[in-house]
Amino acid sequence: MNEFDLIEKYFDWGQGIGDDCALVAVNSHQQLATTVDTLIEGVHFPADTIPQDIAYKSLAVNLSDLAAMGATPLYFSLALTLPSVNEQWLKAFSQSLKALAKQYSIRLIGGDTTKGVLSITINATGTLEKNQALLRSGAQVGDSIFVSNTLGDAALAWQQLQNQQSPSTALLKKFNHPEPQIKLGQFLLGIANSCIDISDGLQQDLSHILTRSKVEAIIDLDALPLSAEVSKHIANTSDWCVALAGGDDYELCFTVPEAHISKLKAVQQELGIILTKIGVITSKNLISQCRLTIKDLDKACKPYQHF
Ligand SMILES: [Mg+2]
């Protein structure tokens, strides 16, 4: 049983909507978007990762979920499980967490501390105007599919770390310090029909949009935005899965109707990011599981799943 089957079988009680955040009404014109993520030593980061990087990533992955909804960060709580009290470690962790929280104007309002294998759980909440949130379910036939910046850098860094190689500074930055696309998410309100953050790889995360929107799509391998290092890795190994299924990108994947595509240029200039069209939503599909066609890919990548 994979994680999605597990959630559907035991925890889909018909009250959630299956997006990057849950939406809760505050009053007649405002909603809260709330999300939770756990990072565990040895699963999400290697045992020798410095506390600064662990703190940064723990909060950044939650901010990325807020970004996927177009939400403005408000507050978060922190559940910290530690093997022991190491004040040097705690000081570094706390300073890094505080710096990122300040950068994104999100407040730490509570939490819990326990003893055990190092694990960090953060629940972050943001705000949105009612009915404005970017959802996975809004993709329409004819929409163009875009992704921000480049794909596969963090996955290549992880692969190299596991093979006892030293990733470049650029790759390590993408792995340890992914930049949550909060501003992009906010810009996309009223422009994109659907959106998700790429945490488990483009193939799987785009498939969530397709399933929720009941549509099919085709994407083009040649169009995928890749850094020089990832391009070189793929040229040498034909390992497209690093960009399609490696995970940890924390970029946004979103779909935009023809009428709004011209607005993306201003977004790119203002935020200094790259937005790349990688494919299109081709047709409605109300029943089938196979919704994503990847042009020229010989065999599908095994998606990242916890179970
Ligand atoms: Mg997400």
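Residues numbered from 1 in each chain as written. Predicted model: local features only at pLDDT ≥ 70, side-chain atom pairs only at ≥ 80, totals over all residues. Heavy atoms only, no water.

(A) Here's a closer look at the domain arrangement of the chain. Domain annotation of the chain identifies domain 1 (20-129) and domain 2 (136-295). Computed over C-alpha atoms, the centres of domain 1 and domain 2 are 23 Å apart. Listed per partner, the contact involves 24 residues of domain 1 and 20 residues of domain 2. Between domain 1 and domain 2, the buried area comes to about 1,700 Å², and carbon and sulfur atoms account for 57% of it. Considering only the side of domain 1, the residues that lose the most area to domain 2 are Asp-20, Tyr-56 and Lys-57, jointly responsible for 28% of the buried surface there. Taken together, the links from domain 1 to domain 2 amount to 2 salt bridges. Between Arg-136 and Asp-20 there is a salt bridge, with the nearest N and O atoms lying 3.2 Å from each other. Along the contact surface separating domain 1 from domain 2 lie 9 residue pairs in polar contact (both at pLDDT 80 or more). Mapped by element, the contributors of at least two residues to the side of domain 1 that touches domain 2 are helix H2 (51-69) and strand E3 (72-82). Element by element, the count of residues in the side of domain 1 that touches domain 2 is highest for H2, at 12 residues. Residue composition of the side of domain 1 that touches domain 2, grouped by class: 15 nonpolar, 5 polar and 4 charged. (Domains from an automatic or database assignment. Contact = heavy atoms within 4.5 Å. Buried area = accessible area lost by both parts, 1.4 Å probe. Salt bridge = Lys/Arg side-chain N within 4 Å of Asp/Glu carboxyl O. Polar contact = N/O pair within 3.5 Å; in protein donor to acceptor, adjacent residues only side chain to side chain. Helix = DSSP H or I, 4+ residues; strand = E, 2+ residues; numbered from the N terminus. Nonpolar A, V, L, I, M, F, W, Y, C, P; charged D, E, K, R; others polar.)

(B) Structural detail: the sheet that holds strand E10 (residues 275-284). Reading across the sheet, the 6 strands line up as E7-E9-E6-E10-E8-E11 and stay open at both edges, with mixed pairing between neighbours. Because the sheet does not close on itself, it has two edges, and the strands there are strand E7 (194-198) and strand E11 (292-295). Averaged over neighbouring strand pairs, the angle between their axes works out to 25° when direction is ignored. By the bridge criterion, 4 bridges tie strand E8 (residues 215-220) to E11 in an arrangement that is parallel. For Ile-219, the partnering residue across the bridge sits in E11 and is Ile-294. (Pairing = 2+ DSSP bridges. Axes fitted to C-alpha atoms, helices over the stretch in contact; angles between N-to-C directions.)

(C) Summary view of the environment of Met-69. With respect to the helices and strands, the residue Met-69 is situated in helix H2. Taking the C-alpha atoms as reference points, Met-69 and Arg-136, 67 residues apart in sequence, are found 8.9 Å from one another. Setting aside anything within four residues of it in sequence, one finds Met-69 in contact with Asp-19, Asp-20, Cys-21, Leu-23, Leu-128, Ala-133, Leu-134, Leu-135 and Leu-189.

(D) Structural detail: the packing of H2 against helix H3 (residues 87-103). At a closest axis distance of 7 Å, the pairing of H2 and H3 adopts a crossing angle of 35°. Here the hand of the crossing between H2 and H3 comes out right-handed. Every residue of H3 that contacts H2 at Pro-51, Gln-52, Ile-54, Ala-55, Tyr-56, Leu-59, Ala-60 and Leu-63 is listed here: Trp-89, Ala-92, Phe-93, Ser-96, Leu-97, Leu-100 and Ala-101. Of the residues that constitute the contact of H2 with H3, the class distribution is 13 nonpolar, 2 polar and no charged. (Left-handed = near helix turned anticlockwise from the far one by under 90°.)

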